[in-house]
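# Coordinate analysis (summary)
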Amino acid sequence: MKRGLRYAAFASTVGAWVLGLPGHALAAESAVARYAAADTVWVLLGAALVFFMQPGFAMVETGLTRAKNAGNIVMKNVMDLCIGTIAFWVIGFGLMFGTDVGGFIGIPDFFITGWDVGSDAGYPKMAFIIFQTVFCATSATIVSGAMAERTKFSTYCVYSLAISLLIYPVSGHWIWGGGWLAEMGFHDFAGSTAVHMVGGVCALIGAKMLGARIEKYGEDGSVSAIPGHSLTLAALGVFILWFAWFGFNGCSTVSMTGDETLETASLIFVTTNMATAAATTTTMLLTWIRYGKPDVSMTLNGSLAGLVAITAGCDLVSVAGAFAIGVIAGVVVVFAVEFIDQKLKIDDPVGASAVHGVCGALGTILTGLFAVKDGLLYTGKTDFFFIQVLGVVSVAAFVAVMITIVFAVLKNTMGLRVTAKEEIIGLDYEEHGLASAYADFMPAAETPGMAAAPAPIVSTVPSVPHVAVQSADGHALTRVSIVTSRERFDVLKSELEKLGITGMTVTQVLGYGLQKGHTMYRGAHVASRLLPKIKVDLVVSAIPPRDIVEAAKRALYTGHYGDGKIFVSTVDNVVKIRTGEEGFDALQDKEA
């Protein structure tokens, strides 16, 4: 009996230990606990997911820019988080959440020594601090993509500091820290305006003051697209962001206690996903109609546009409302990217200004229309709608003025832009001493002045008589070089082997022909794009060169540009190193 009691006491102690309690009675402990485990875990989970958005942004920005700047891009995204974390801890958090002064700013609380969560909070102080810290870092990192490929790294670190130290905290105080917009009833649940529009406005003004990349705009006003080097990386980044956005929006409830909160969190997950899916599909269809083919990079921007637009009202709108917001954002982002790029002539390589700036403002205003409780379309009342508009305009104006001052000071002191030589070579090498961010796997780069490897590619080969030149042993030696697309190589190889060809040399080359590799990228033409081709070289004597030409024409002819071209030339001599044979004999390979 005593042994049974001892086992029961032991089991009770172990159970309490497993649940994280110090071995006392569970009921007594729960009665005095201040924080809710579910709320705390929910906030910390949200912080981890929002942190995970940093690699998402890094992959999107890296993929939509050129390989020679990949290391520089990821370095900026790493430092956004690090610099923002320190700046927000030192003073930014206090300016945002400190005791309100006139509705404009919080009293500085250096190193967050005096602030604490409210008595009704279900999570501890440190959980809220890390949650808000990663939100701050998200706003700062938006700017790097818009100013990519030509910004000084040192200058970038300074203005990233300014955003996290002052600009984001002050405008954030208006919205989330008890400031004047919050008092008016302005609603931005997870940051369409507070986070994304702030970053987007900074990105737009920064890209304008910095100037466009070399070769982006012609003297005649023409626009040349500069494609990114890896849509695969960009797509991976979008998927990461989409996943992490469930924490960005869903965990912004900062609670999982009570049925109403549980229903709200569940609704937020659904509206977030619905708006994103609707925006992505809409952008895909719109670009298909406008460009003739669905544009991959613009569709990825459509996904992000839907995420940004739904963030403000994800808790207030219905699923149908989220669908409508997504469709509108999917249309607007296409025209916003085109307008900024082609009309304003502001070079934003990743579309950050349109995605975060325009769609952040759009989503906040649309909340005033589609909110089930107070929205204009549901109530017919304009009060809430105009509060949303006022909030967007006020924050945009404040951020625009502040970031313009920051960039103007930096431009006249440190300088914003690298030299033309540094930009052409690439910031990986010039700013960080990296020969390549990809080591042995670096894709072939297209640099200004790079000559096309093969001659212009046309569709057919004229029948011109071949004049053979005899070598020293009396036999004619002829080189036949065939340049064509990679996809046709297997067919060509099969035809040549039927002739008895025993060897060939195949080289990967880049080039363009009459159409200069023209394609559409984000609504703009890509000028003189080098396309991947193969070059097949054969040297023959016993086999007539005309037979090879005719075999190649049979294999490659489609009647369209890009079929290829065949070059026929004479060879003075051939030497087989293994045997020392020369001329005709050197070409007569026999099995051992």
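Our subject is the structure that appears above.
We now turn to the structure provided with this report. (Residues numbered from 1 in each chain as written. Predicted model: local features only at pLDDT ≥ 70, side-chain atom pairs only at ≥ 80, totals over all residues. Heavy atoms only, no water.)

For the rest of this paragraph, the subject is the overall build of the chain. Assigned secondary structure in the chain consists of 19 helices and eight strands. Counting only residues that meet the buried cut, the chain has 51% of its 592 residues in that class. If you take every contact in the chain between residues at least 6 apart in sequence, the share linking residues at least 24 apart comes to 77%. When the accessible surface of the chain is split by element, carbon and sulfur atoms take 64% of a total near 26800 Å². (Helix = DSSP H or I, 4+ residues; strand = E, 2+ residues; numbered from the N terminus. Buried < 20%, exposed > 50% of the residue type's maximum accessible area, 1.4 Å probe, protein only. Contact = heavy atoms within 4.5 Å. Areas by Shrake-Rupley, 256 points an atom, 1.4 Å probe, with all protein chains shown as cover.)

Applying the stated rule across the entire model yields three cavities of 30 Å³ or more. Taken as a whole, the largest cavity spans an internal volume of roughly 140 Å³. As for the largest cavity, its lining consists of 16 residues, and the residues nearest its centre are Lys216, Asp341, Asp348, Pro349 and Arg522. Of all the elements in the fold, those that place two or more residues in the lining of the largest cavity are helix H12 (319-343) and helix H13 (352-370). Here the lining of the largest cavity takes three residues from H12, the largest share from any one element. Here the second largest cavity defines a volume of roughly 90 Å³. Where the lining of the second largest cavity is concerned, the elements lending two or more residues are helix H3 (37-63), helix H5 (125-146), helix H11 (296-310) and H13. In terms of residue class, the lining of the second largest cavity is built from eight nonpolar, four polar and one charged. (1 Å grid on protein atoms, 1.4 Å probe; cavity = no way out; pocket = protein on both sides within 12 Å on 5 of 7 lines; lining within 4 Å. Points joined across faces, edges and corners; volume = space filled by probe spheres on them. Nonpolar A, V, L, I, M, F, W, Y, C, P; charged D, E, K, R; others polar.)

Buried within helix H18 (residues 489-498) are the following residues: Phe489, Leu492, Glu495 and Leu496. In an axial view of H18, the angular spread of the buried residues amounts to 130°, which keeps them on one side of the axis. Residues Asp490 and Lys498 are exposed on H18 and point more than 90 degrees away from its buried face. In this structure, the buried residues of H18 make contact with strand S3 (478-484), strand S4 (505-511), strand S7 (531-540) and helix H19 (545-556). Phi turns positive, to about 95°, at Gly500, one or two residues after H18. (Arc of directions from axis to C-beta.)

Under the criterion given, the structure shown has 23 aromatic pairs. Between Phe135 and Trp176 the ring centres are 6.1 Å apart and the planes differ by 80°, which places this aromatic pair in the edge-to-face class. One end of the pair, Phe135, is in helix H5; the other, Trp176, is in helix H6 (residues 153-176), and 41 residues separate them in sequence. Seen from their ring centres, Phe246 and Phe269 are 5.1 Å apart, and the 20° between their planes marks the pair as stacked. Placement of the pair is Phe246 in helix H9 (residues 231-250) and Phe269 in helix H10 (residues 259-291), with a sequence separation of 23 residues. Members of the aromatic cluster, each reached through a chain of ring pairs, are Phe88, Phe93, Phe97, Trp115, Tyr123, Phe128 and Tyr168. Above the ring of Tyr156, the side-chain terminus of Lys76 is found at 5.2 Å from the ring centroid. (Phe/Tyr/Trp six-rings, centres within 6.5 Å; stacked < 30°, edge-to-face > 60°. Lys NZ or Arg CZ within 6 Å of the ring centre and 35° of its normal.)

With that settled, the discussion passes to the layout of surface pockets. Of the volumes computed, that of the second largest pocket is approximately 580 Å³. Looking at the lining of the second largest pocket, the elements that each hand over two or more residues are H5 and H10. Among the elements that make up the lining of the second largest pocket, the one with the highest residue count is H5 (four residues). The residue makeup of the lining of the second largest pocket, split by class, is 12 nonpolar, eight polar and four charged.

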